[in-house]
Amino acid sequence: MAPVAEHATVRYTDAAGLADALDGADILFAYDFLTDALPAAWHAATSLKWIHVAAAGVDALMFPELRDSDVVVTNSRGVFDGAIAEYVLAQILSFAKDIPESLRLQHEHIWKHRESERIAGRSVLVVGTGPIGRAIARLLSAVGMTVRGSGRRPRDDDPDFGTVTTTADLPDALADVDFVVVAAPLTEQTRHLFDARMFAAMKSKARFVNVGRGELVRTDDLVEALRSGAIAGAALDVLDVEPLPEDHPLWDMPNVSITPHNSGDFVGWRDALVDVFIDNFHRHRSGEPLRNVVDKKLGYVPGA
């Protein structure tokens, strides 16, 4: 933050002190992107002009008073794209090569020959055609997988997905793919998008990977789909309640992989987030257009 401190008074605060820190502040760098402290402190944001969020998703901050204000919101789009794409590929390979079972057998000192699946030629539907979804599509295509997208606008000539269908056609799109990867933003339109109906539309051998937001999924419906065999497995980096409660049934399901919301957290990610803010800070000072301006009505950067 040194380049910012050269030109501005920088105040650091936790949630409890946010209202005091906002008094007279022009800019808020929301480094804790999951904080719910801003609505209660909003009365003190009388001078605020710009909020930068240290994340791609801004759903935690989209409360009505902010949406209706003139305060500009930017996000950190672009920082996590490649890392999340690599995570998705790793989870798909883990399913195909049954890495969890190999580790279990190794732990028990059992030498047991087994066959594994190929991923080349297998089909993937990526739900969410923003930058993260595109990075996923490019990487999975590069290893020989057949990739399609699901987004807001249908098209047949997308450079990364080829064919993109809309959410209205999602059940049909789910019916014939081997892997479903969710990388959509959380909005009122996408909340609980994946419910019992969507899981029932999937192939029984399909695997589900969520790197978007936990609230995109009705978790009870996912648990039932896994228990009943409606789908074959799930890799979950995000849950609707985080941390996942210790007694939650997902922990003990053999066909489930759980990671603690760290799919994009590569070595150096914290510095990368600050670098995006610093770049935008210099743009703000010089009157240049800010990068990654969020449409507050949509809840994400347009074009994603």
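The structure displayed is predicted, hence computed values, not measured ones.

Scoring rules and cut-offs
- Residues numbered from 1 in each chain as written.
- Predicted model: local features only at pLDDT ≥ 70, side-chain atom pairs only at ≥ 80, totals over all residues.
- Heavy atoms only, no water.
- Helix = DSSP H or I, 4+ residues; strand = E, 2+ residues; numbered from the N terminus.
- Rg over C-alpha atoms; globule rule 2.2 N^0.38 Å.
- Buried < 20%, exposed > 50% of the residue type's maximum accessible area, 1.4 Å probe, protein only.
- UniProt positions renumbered as here; feature names shortened; annotations may be inferred.
- Salt bridge = Lys/Arg side-chain N within 4 Å of Asp/Glu carboxyl O.
- Core = buried A, V, L, I, M, F, W, Y, C linked by side-chain atoms within 4.5 Å.
- Contact = heavy atoms within 4.5 Å.
- Axes fitted to C-alpha atoms, helices over the stretch in contact; angles between N-to-C directions.
- Parallel < 35°, antiparallel > 145°, perpendicular 65-115°, else oblique.
- Left-handed = near helix turned anticlockwise from the far one by under 90°.
- Nonpolar A, V, L, I, M, F, W, Y, C, P; charged D, E, K, R; others polar.
- Pairing = 2+ DSSP bridges.
- Right-handed = clockwise from strand over helix to strand, strands pointing away.
- Phe/Tyr/Trp six-rings, centres within 6.5 Å; stacked < 30°, edge-to-face > 60°.

1. Describing the overall build of the protein chain
- Each helix and strand in the protein chain was counted, giving 11 helices and 11 strands.
- Here the protein chain has a C-alpha radius of gyration of 21 Å; the compact-globule value for 304 residues is 19 Å, and the two agree.
- In terms of principal-axis extent, the alpha carbons of the protein chain reach across some 65 × 45 × 30 Å.
- Split into buried and exposed, the 304 residues of the protein chain put 47% on the buried side.

2. Section: the UniProt feature "domain: D-isomer specific 2-hydroxyacid dehydrogenase NAD-binding" (unreviewed entry) in the protein chain
- Following the UniProt record, one finds the feature "domain: D-isomer specific 2-hydroxyacid dehydrogenase NAD-binding" (unreviewed entry) at residues 89–262.
- In residues 89–262, helix accounts for 29% and strand for 20%; the two terminal C-alpha atoms are 15 Å from one another.

3. Topic: the pattern of salt bridges
- Tallied over the full model, the rule gives 18 salt bridges.
- The closest approach of N and O atoms between D178 and R122, which form a salt bridge, is 3.2 Å. Placement of the pair is D178 in the loop between α8 (170–174) and β8 (179–182) and R122 in the loop between α6 (99–107) and β4 (123–127), with a sequence separation of 56 residues.
- Three or more residues are tied together by salt bridges with common partners; here these are E117, R122, D178, K203 and R207.

4. Describing the nonpolar core
- V88, V124, I136, L140, V181 and V211 are the most contacted members of the largest nonpolar core, which has 39 residues in total.
- Listing elements by their share of this core, those giving two or more residues are α5 (81–97), β4, α7 (131–142), β8 and α11 (269–286).
- Contact partners of V124, with chain neighbours within four places excluded, come to L140, M145, T146, V147, R148, V177, F179 and V181.
- Grouped together as the second largest cluster of nonpolar side chains are 32 residues, V127, A206, L226 and L239 included.

5. Focus: the packing of α5 against α7
- Two elements in contact, α5 and α7, have axes whose closest approach is 8 Å; the angle formed by their N-to-C orientations is 50°. Viewed along their axes, α5 and α7 adopt a mutual orientation that is oblique. In this structure, the crossing between α5 and α7 has a hand that is right-handed. Of the residues in α7, those touching α5 at D81, G82, I84, A85, E86, V88, L89 and I92 are P131, I132, A135, I136, L139 and L140.
- Residues that form the contact of α5 with α7 fall into these classes: 11 nonpolar, 1 polar and 2 charged.

6. A look at unusual backbone geometry
- The omega torsion of the bond from E242 to P243 falls at -5°, within 30 degrees of zero and hence cis.
- Of note, H261 is a non-glycine position whose phi angle comes to about 55°, a positive value.
- Within the secondary structure layout, H261 lies in the loop between β11 (256–258) and α11.
- The phi dihedral of N292 is positive, around 60°, even though this residue is not glycine.
- The topology assignment puts N292 in the segment after α11.
- Here N292 falls in the buried class, since its relative accessible area comes to 12%.

7. Topic: the pairing of β4
- The buried fraction of β4 amounts to 5 of the 5 residues, a majority that puts the element mostly inside the structure.
- Burial along β4 is two-sided: the face carrying S123, L125 and V127 and the face carrying V124 and V126 are both buried.
- Of the pairings in the sheet, the one linking β4 to strand β5 (residues 146–151) comprises 5 bridges and is parallel in character. Its bridge partner lying in β5, S123 is registered against T146.
- With respect to chirality, the unit in which β4 leads through α7 into the neighbouring parallel β5 is right-handed.
- In terms of strand pairing, β4 meets β8 through 4 bridges, oriented parallel. Residue pairing for β8: V124 is matched across the bridge by F179.

8. Thoughts on the packing of aromatic side chains
- For the coordinates displayed, the defined rule picks out 9 aromatic pairs.
- Taking 6.4 Å as the distance between ring centres and 40° as the angle between the ring planes, the aromatic pair formed by F277 and F281 counts as tilted. One end of the pair, F277, and the other, F281, are both in helix α11, 4 residues apart, so they sit about a helical turn from each other. Take F277 and F281: they sit in the same class, and that class is buried.
- Grouping aromatic residues by their ring pairs yields a cluster made of F29, Y31, W50, F277 and F281.

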